[in-house]
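Take a look at the letters that make up each chain.
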Amino acid sequence: PSNNHWPTQPPSTYFFLLSREQQLQWKLFNPSSTMADEDNKRKKKRKSGKKKSSSRRSNTEEESAGLVMTGDGEAEYVPDGDGGALVVVDQEPFNGEDMSPAPVPEPEAMAAEVGGDEEEGQQQNGFTEDGLAVAMAVDAGAEDDYVYAAIEYDPDAKPPLHRNRRFRVYTCLAIVLVVAAVAVTVIYVTKGAKGVDEQFTDINVNTLPTFEPTPSPLSDREQSGIIEQIEAGVLQRGAVFANMTVDDPRKMALEWILHYDQLQLNSDDVNLYQRYILALLAFSLDSLAWYYCGNHRMVNANETVDFVQEDCDVLSSTGLLESHKVWLSSAEECDWYGVKCSANDGVLRGLELMGNDLIGEIPPEISQLRFLQYIAFNGNCLYGTLPPEMGSMPNLLSLELQGNGMSGAIPEELNNADKLQLLNGALQYQYPYQCAASDGRIVNTIFSKGNPENGYNWGFMGDTVGDNVNKWKSMKGLHLFDNSITGTLSPALGDLKYLVFLRVHNNAIQGLIPNEIVKLDKLRELYLYQNGIFGDFPPDIGLMEDLQDLRVHENEMWGYLPDTFWKLTKMKKLWLQDTLECEQDEADEWKCMRSRDKGFQGSISPEIGNWKKLSQLLLNNNPFTGVLPAELGLCKELSRLHVHQTFITGVVPPEICLLRDEELFDHTGQVGVFYADCRPNNMTEDPFISCDCCSDCCDHTHGVCVSDD
């Protein structure tokens, strides 16, 4: 049938036998069966109640369905707006002559046919009481063609909780907050744990091997800023830890600070620098070989454990044992043996490790002990050069290095330490001393760096007493003897107005004694012997009124003693003996020998009687003339008098012989106290001097001395 000739009522109870297309076509020609009508009917049904579960399910499915007719007379399945299912079936075809609506059966007849109650009978055949077709629930398994079943729709039903948008938002927010709280807690606990190193292993997968070692993973301590602090504030000469080998003392000290030191200092601890530098000294100077308080190691049958020894005993100068702490122990560094700190703030002020078998080179990082005032490393086996960085130590007052095997020029930068009052770098040349290193080596200071294979050690060199010496404005004691210092005595020495001790003997210093030296009116000791100094004394030497000990022997000095010389009334020891005469041979080498014909000359003034504290007067091997003055007998403390190999003649005054009965003898039983040329000259001639109280008489010509006691 065409679309214009559809009946307004379904063909009795056979409506559900129609095909899907026929039912949809019919539905389109019955506008009364709209979606809005179906919704109103459904609401009325819900309010009136549902008597039976089977009837309720059928009514709901019938009311929730809607049909749509396509233009070509076929029906399609379309879901309704409330979530229900639309049931469509094939419509029975009509012939062209049946254009009038079919009669609608009475409700009573419909109920009788079905055999149910009145209400159920009105709907079981698919029609309402108004004659409208209603979709019916169909069992898909009852027919060959599959029919979609209608779904019961509950308008009060709520979507599942996980489909609720607000619930999902709040849930995600809660998860983010929990994760953040856990992360913060983990970071806080990790940072707060001291001494616990977490090791992380990075696996690097490469197809080709690398030629550089893989960097070790960094621990929390290594990432705490300690490395950066020490590199920036302690290391010198551009050094960085990344370029150091594992056996570098600087790297070893860092490892101890990071991992083995029980104090576990942080990067902001005020004593980090001084504790690191002291650890560096321990590793640089072989603390395991120290005579006192350096061995931190415990050795037993099964293993060797480092950094476990805590206490040590040291024999004091009074003969009593004193308790100290071992270096690199867990104690505060100020309690370590030889470490001196100020009591109120724990700042390092001094290091006293003399005679303790220190072996090695002084590291330049010691200069970063900014408040260090004195260093006493004398009597050890130190070698190498003096770090120029030590000149930047603003508070250094005393530096004692005598009795080691150091070498090289004393750096000019050391003159910048203008507060320095004592510099003792003596006894580096030909100073025999041995130390046993912890690795079994024998270090001998007489050789360069303690090793015979390196040849002899020549000690400190350079022009140390040159023009820059006056920068040491506070200098009181300058001790540089037994080295290889060259140059001349600079007139700038006269600017050291506080200088008390000047000992530069046994070096290679040349030239004259500058006149400016007489300005050193506080000078007590002047040791210039065994150098290449020539000439005579400055004429105003008498202005050095505090001079007590003058030793210029074994030089090429000559001339008369100035008249002011006898004004030195505080003189205790005067050594002028063994003046040298040097000549250059055919090979341009200098040859020196003692000579009684060259040197100081003139007679001994009677004013020597004013030297009340004179104890030693050594004038031998000089061309002195005249006689011994009787006033010499006023020097009651005189204990050594050498006037042999001179041209002094006459008779020894009895006043001097009386001294022999009091002081001119050796309390230890040794002889050789009073020497004079009282033996026959050339074995046959009269002696140069007649002496009844000399301890030793000498032959002036042959120089042979024989005890006369």
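Everything below is about the structure printed above this text.
Residues numbered from 1 in each chain as written. Predicted model: local features only at pLDDT ≥ 70, side-chain atom pairs only at ≥ 80, totals over all residues. Heavy atoms only, no water.

Participant: Would you explain the overall build of the protein in this entry?
Facilitator: A tally of helices and strands in the protein yields 10 helices and 38 strands. A burial count over the protein gives 45% of its 709 residues as buried. Counting contacts in the protein only where the partners sit at least 6 residues apart, residues at least 24 apart contribute 56% of the total. Accessible area of the protein: about 36,900 Å², with a carbon and sulfur share of 52%. (Helix = DSSP H or I, 4+ residues; strand = E, 2+ residues; numbered from the N terminus. Buried < 20%, exposed > 50% of the residue type's maximum accessible area, 1.4 Å probe, protein only. Contact = heavy atoms within 4.5 Å. Areas by Shrake-Rupley, 256 points an atom, 1.4 Å probe, with all protein chains shown as cover.)

Participant: Just to check I follow, could you spell out the packing of helix 8 (residues 249-260) against helix 9 (residues 272-284) for this structure?
Facilitator: Relative orientation and spacing of two packed helices are given, respectively, by the angle between their axes and the distance between those axes. Relative to each other, helix 8 and helix 9 sit at 130 degrees, their axes nearing to 8 Å. The pairing of helix 8 with helix 9 is recorded here as oblique in orientation. As for how helix 8 packs across helix 9, the hand of that crossing is right-handed. Touching P249, R250, M252, A253, L254, W256 and I257 of helix 8 are L272, R275, Y276, A279, L280, F283 and S284, all from helix 9. When grouped by side-chain class, the residues that make up the contact of helix 8 with helix 9 number 11 nonpolar, 1 polar and 2 charged. (Axes fitted to C-alpha atoms, helices over the stretch in contact; angles between N-to-C directions. Parallel < 35°, antiparallel > 145°, perpendicular 65-115°, else oblique. Left-handed = near helix turned anticlockwise from the far one by under 90°. Nonpolar A, V, L, I, M, F, W, Y, C, P; charged D, E, K, R; others polar.)

Participant: I would appreciate a short explanation of the state of the cysteines in the present structure.
Facilitator: By definition, a disulfide is the covalent link that joins the sulfur atoms of two cysteine residues. Counting across every chain of the model gives 8 disulfides. Between the sulfur atoms of C657 and its disulfide partner C693 the distance amounts to 2.1 Å. Taking the torsion about the S-S bond as the criterion, the C657 to C693 disulfide, at about -70 degrees, is left-handed. Highlighted residues: C657 in helix 10 (residues 654-662) and C693 in the loop between strand 36 (689-690) and strand 37 (696-698), separated in sequence by 36 residues. The partner cysteine of C678 in its disulfide is C697, sulfur to sulfur 1.7 Å. (Disulfide = S-S within 2.5 Å.)

Participant: Whenever I open this one, the pattern of salt bridges confuses me. Can you help?
Facilitator: Within the structure shown, the criterion is met by 16 salt bridges. With a closest N to O distance of 2.8 Å, E333 and R275 form a salt bridge. Taken as a pair, E333 in the loop between strand 6 (321-325) and strand 7 (339-341) and R275 in helix 9 lie far apart in primary sequence, 58 residues in all. Using a relative accessible area of 0% as the deciding quantity, one classes R275 as buried. Two residues, K570 and D546, come together in a salt bridge whose shortest N-O distance is 2.7 Å. In this pair, K570 sits in the loop between strand 27 (559-560) and strand 28 (573-575) while D546 sits in the loop between strand 24 (532-535) and strand 25 (549-551), placing the two residues 24 residues apart along the sequence. When salt bridges with common partners are traced through the structure, they connect D261, R275 and E333 into a single cluster. (Salt bridge = Lys/Arg side-chain N within 4 Å of Asp/Glu carboxyl O.)

Participant: Would you explain the sheet that holds strand 22 (residues 510-511) in this entry?
Facilitator: The pairing of strands in a sheet happens through backbone hydrogen bonds and is either parallel or antiparallel. Strand order in the open sheet formed by 3 strands is 22-24-26, with parallel pairing between adjacent strands. The sheet is open, and its two borders are formed by strand 22 and strand 26 (556-557), each paired with just one other strand. (Pairing = 2+ DSSP bridges.)

Participant: Any chance you could explain helix 7 (residues 226-233) here in plain terms?
Facilitator: Helical geometry: 3.6 residues make up each α-helical turn, so side chains three or four residues apart lie on a common side. Taken together, the buried positions of helix 7 are occupied by I226, I227, I230 and G233. Along helix 7, the residues classed as buried sweep out an arc of 160 degrees about the axis, all on the same side. (Arc of directions from axis to C-beta.)

Participant: Help me understand the packing of helix 7 against helix 9, please; the structure alone is not making it clear to me.
Facilitator: Remark: helix 7 packs on helix 9, axes separated minimally by 11 Å, with the N-to-C direction vectors making an angle of 80 degrees. For the element pair helix 7 / helix 9, the angle class is roughly perpendicular. Here I226, Q229, I230 and G233 of helix 7 lie close against helix 9, whose contacting residues are L272, Y273 and Y276. The residue makeup of the contact of helix 7 with helix 9, split by class, is 5 nonpolar, 2 polar and no charged.

Participant: How do you make sense of the sheet that holds strand 14 (residues 408-409) when you look at a structure like this?
Facilitator: Strand order in the open sheet made by the 3 strands is 14-18-20, with parallel pairing throughout. What marks the edges here is a single partner per strand, and that holds for strand 14 and strand 20 (484-485). Direction of pairing for strand 18 (residues 460-462) relative to strand 20: parallel, over a ladder of 2 bridges. Residue M461 lies in a different strand from strand 20, and its bridge partner there is S484.

Participant: Any chance you could explain the side chain of S342 here in plain terms?
Facilitator: Relative to the helices and strands, S342 resides in the loop between strand 7 and strand 8 (348-352). Take S342: its relative accessible area is 16%, and that puts it in the buried class. For S342, the contacting residues outside a window of four places in its chain are V347 and R349.

Participant: Before we go on, may I ask you to explain helix 8 in this structure?
Facilitator: Turning to helix 8, its buried residues number three or more, namely K251, A253, L254, W256, I257 and L258. Structurally, helix 8 contributes buried residues whose contacts are with helix 7 and helix 9. Where helix 8 begins, the capping side chain belongs to D248, and its oxygen is found 2.8 Å from the backbone nitrogen of R250. (Polar contact = N/O pair within 3.5 Å; in protein donor to acceptor, adjacent residues only side chain to side chain.)

Participant: Quick question: what am I supposed to make of the side chain of H324 here?
Facilitator: Along the chain, H324 turns up in strand 6. In contact with H324, not counting residues within four places along its chain, are C293, E310, D311, C312, V314, D335 and Y337.

Participant: Please explain a nonpolar patch on the surface as it appears in this structure.
Facilitator: Together, V178, V182 and V186 give the surface a local cluster of nonpolar side chains, amounting to about 260 Å² of exposed area. Looking at the element boundaries, V186 is found in helix 6 (residues 165-192). Judged by relative accessible area, which is 47%, V186 ranks as partly exposed. (Patch = residues over 30% accessible without salt bridge, like charges linked within 9 Å, V, L, I, M, F, W, Y side chains within 5 Å.)

Participant: Explanation requested: the environment of T625 in the structure shown.
Facilitator: Relative to the helices and strands, T625 is located in the loop between strand 32 (616-618) and strand 33 (640-642). Residues T625 and F647 lie 22 residues apart in sequence; the distance between their C-alpha atoms is 4.9 Å. With near-sequence residues (within four places) excluded, T625 lies in contact with G602, S603, I604, F647 and I648.

Participant: Would you mind showing me how to read unusual backbone geometry here?
Facilitator: Leaving glycine aside, a negative phi is the common case for residues, and trans is the common case for peptide bonds. Within the chain, Q264 stands out as a residue other than glycine whose phi angle is a positive 50 degrees. Inspection of the secondary structure assignment puts Q264 in the loop between helix 8 and helix 9. Classification of Q264 as buried rests on a relative accessible area of 10%. The backbone phi angle of L328 is positive, close to 70 degrees, even though this residue is not glycine. Along the chain, L328 falls in the loop between strand 6 and strand 7.

Participant: I keep staring at the pairing of strand 11 (residues 381-384) and nothing clicks. Help me out?
Facilitator: Regular strands show a simple pattern: their side chains alternate between the two faces of the sheet. A two-sided burial pattern is seen for strand 11, the buried positions comprising C381 and Y383 on one face and L382 and G384 on the other. Here strand 9 (residues 359-360) runs beside strand 11; their pairing, made up of 2 bridges, is parallel. Paired with I359 across the bridge in strand 11 is C381. Pairing of strand 11 with strand 13 (residues 405-406), which is carried by 2 bridges, proceeds in the parallel orientation. The partner of G384 across the bridge, within strand 13, is M406.

Participant: Sorry, what's going on with the nonpolar core here?
Facilitator: A general feature of soluble globular proteins is that nonpolar side chains tend to end up buried together. Y276, W327, F377, L478, F537, L550 and F565 are the most contacted members of the largest nonpolar core, which has 124 residues in total. Secondary structure elements with two or more residues in this core: helix 7, helix 8, helix 9, strand 5 (311-315), strand 8, helix 10 and strand 35 (674-676). At 9 residues, helix 9 tops the list of elements feeding residues into this core. Discounting chain neighbours no more than four positions away, the residues touching F565 are F537, I541, L550, L574 and W611. If you look at the next biggest cluster of nonpolar residues, it comprises 7 residues, including I359, Y383, C435 and V443. (Core = buried A, V, L, I, M, F, W, Y, C linked by side-chain atoms within 4.5 Å.)

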